[in-house]
Amino acid sequence: MAAKILSQYRRQIGEFETVDFVDEAHISTLRAQLDVGVPLDLHWTWEYGSEVEELRNLYERGKKGQWNAETDVDWDTPFERDEWFMPRVGALLLPSLLTEAGADEATCREAAWDEFAHLISQLLHGEQAAMQLCGQLTNACPTMDAKFYAGSQVIDEVRHTEVLGKFLQRKMGTLYPIDPTLKVLLDMLLAAPTWKIKTLGMQCLFEGMAVGIFDQIGRATTNPLLRDIIRRVQLDESRHAAFGILSMRQVVKESSREEIEEMEDFAYSILETLNANQQLDMLRIIGPKYGLDPESVVHMMLGMPEWPMINSEVFMHTVVPNLRRLGLITERTEPHWRRVGMIYGEPVVVQ
Ligand SMILES: [Fe+2]
Ligand SMILES: [Fe+2]
């Protein structure tokens with residue numbers, strides 16, 4: 001396998017290799033880097049008739065599923081700082097830890113608020129990346145069906161960027177800057193040289209992760225406004241993940257063994273890096289406010305017997321099953337996924 005991403009920030013915590021971004025100057029540079037050089041081959045096609053029926057059906061479903069983030073969402077629904085919007089324990093990391101440590105309810109609620117604002121901020125930055133990347137796909141994809149679909153996904157991602165941005169601005173009053181690990185990974189996808197790698201990275205990996213995270217939030221939240229926003233976004237995201245699978249199925253079919261192994265390794269290296277961060281980027285910003293030392297928190301989490309089960313949940317939700325179906329997690333790579341807690345339990349299904 002190729003060299004690990006962000007190898008300069010790799011550090012062992014016990015048996016586990018983390019990515020811990022500790023260079024403040026580098027973090028500032030990454031966030032300030034607004035212009036990214038992107039090699040992009042624009043592709044014309046003169047085939048205007050439908051070629052891939054499943055893709056065209058997905059495009060039709062997308063047209064019917066449009067909604068308006070300003071007028072279809074009831075923005076008068078309260079989302080208050082002094083009310084719980086998630087269970088105190090089990091849904092978010094910081095309030096769970098603080099409850100265990102005996103902190104009072106107000107402190108736990110404040111920590112939940114901070115952690116959630118950070119999480120939604122990262123999802124918002126991810127939505128902007130998806131919007132940019134789908135614009136690229138509209139140019140670069142070879143078939144008209146893929147161009148139609150990618151074009152329609154651009155407006156979906158615009159709407160997600162709008163709705164999460166408005167939620168943070170109107171209801172939470174906070175926007176956290178992008179986490180450095182996420183910025184590095186998103187820049188890699190945006191700057192990837194081929195539409196195949198862009199599609200794999202954004203449509204399968206990040207869309208798949210987003211579906212898993214939105215599902216967890218949607219199931220946990222007790223707030224009607226948040227539940228409604230998540231439900232709307234989720235409906236769109238599941239179409240996007242389906243687009244990724246449909247496109248990638250074709251790509252895999254037309255690729256050599258060597259190319260498939262390259263894609264398999266790429267998928268692992270991107271998600272392994274995200275997993276290796278273990279929320280350290282978040283903990284470094286918010287942890288100290290609550291007297292939590294980031295390294296001790298991660299050390300403690302990694303030591304829990306149920307850690308692989310909890311940690312793998314978001315990966316096992318959508319990304320892992322989809323990659324397996326595509327043949328991009330095989331017996332060759334599966335042990336790596338298991339070793340770092342991204343796959344847990346049920347044995348591999350090779351199709
Ligand atoms: Fe989105
Ligand atoms: Fe999406």
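Quantities reported herein were computed from a predicted structural model and do not represent experimental measurements. (Residues numbered from 1 in each chain as written. Chains lettered and ligands numbered in written order. Predicted model: local features only at pLDDT ≥ 70, side-chain atom pairs only at ≥ 80, totals over all residues. Heavy atoms only, no water.)

Caption draft 1: Geometry of the packing of helix 4 (residues 105-140) against helix 6 (residues 180-190). Following both chains from N to C, one finds helix 4 and helix 6 inclined at 10 degrees, their axes separated by 10 Å at the closest point. One way to sum up the angle between helix 4 and helix 6 is to call them roughly parallel. Contacts between helix 4 and helix 6 involve Gln122, His125, Gly126, Ala129, Gln132, Leu133 and Gln136 from the first element and Leu182, Leu186, Leu189 and Leu190 from the second. Considering only residue class, the contact of helix 4 with helix 6 consists of six nonpolar, five polar and no charged. (Axes fitted to C-alpha atoms, helices over the stretch in contact; angles between N-to-C directions. Helix = DSSP H or I, 4+ residues; strand = E, 2+ residues; numbered from the N terminus. Parallel < 35°, antiparallel > 145°, perpendicular 65-115°, else oblique. Contact = heavy atoms within 4.5 Å. Nonpolar A, V, L, I, M, F, W, Y, C, P; charged D, E, K, R; others polar.)

Caption draft 2: Region of interest: the pattern of salt bridges. Using the criterion set out here, one finds 31 salt bridges in the structure. Between Glu334 and Arg324 there is a salt bridge; the shortest N-O distance is 3.4 Å. Placement of Glu334 in helix 14 (residues 334-339) and of Arg324 in helix 13 (residues 319-326) is noted, with a sequence separation of 10 residues between them. Between Arg338 and Glu334 there is a salt bridge, with the nearest N and O atoms lying 2.8 Å from each other. A residue pair is termed a helical-turn pair when its members lie 3 or 4 positions apart in one helix, as Arg338 and Glu334 do in helix 14 at four residues. For Arg338, a relative accessible area of 30% corresponds to the partly exposed category. Each of Arg257, Glu261, Glu264, Asp265 and Arg332 takes part in a single network of salt bridges with overlapping partners. (Salt bridge = Lys/Arg side-chain N within 4 Å of Asp/Glu carboxyl O. Buried < 20%, exposed > 50% of the residue type's maximum accessible area, 1.4 Å probe, protein only.)

Caption draft 3: Region of interest: the coordination of the iron ion (ligand 1). Protein coordination at the iron ion (ligand 1) comes from Glu127 (OE), Glu157 (OE), His160 (ND1) and Glu237 (OE), with a distance range of 2.0 to 2.2 Å. The coordination sphere of the iron ion (ligand 1) comprises four donor atoms, whose angles at the metal cover 89 to 149 degrees; the geometry is irregular. Read in sequence order, the donor residues coordinating the iron ion (ligand 1) give the pattern E-x29-E-x2-H-x76-E. For Glu237, a relative accessible area of 1% gives the class buried. (Donors = N, O, S within 2.8 Å, 3.2 Å for Na, K, Ca; no water. Tetrahedral: all angles 85-135°; square planar, octahedral: opposite > 155°, others 65-115°.)

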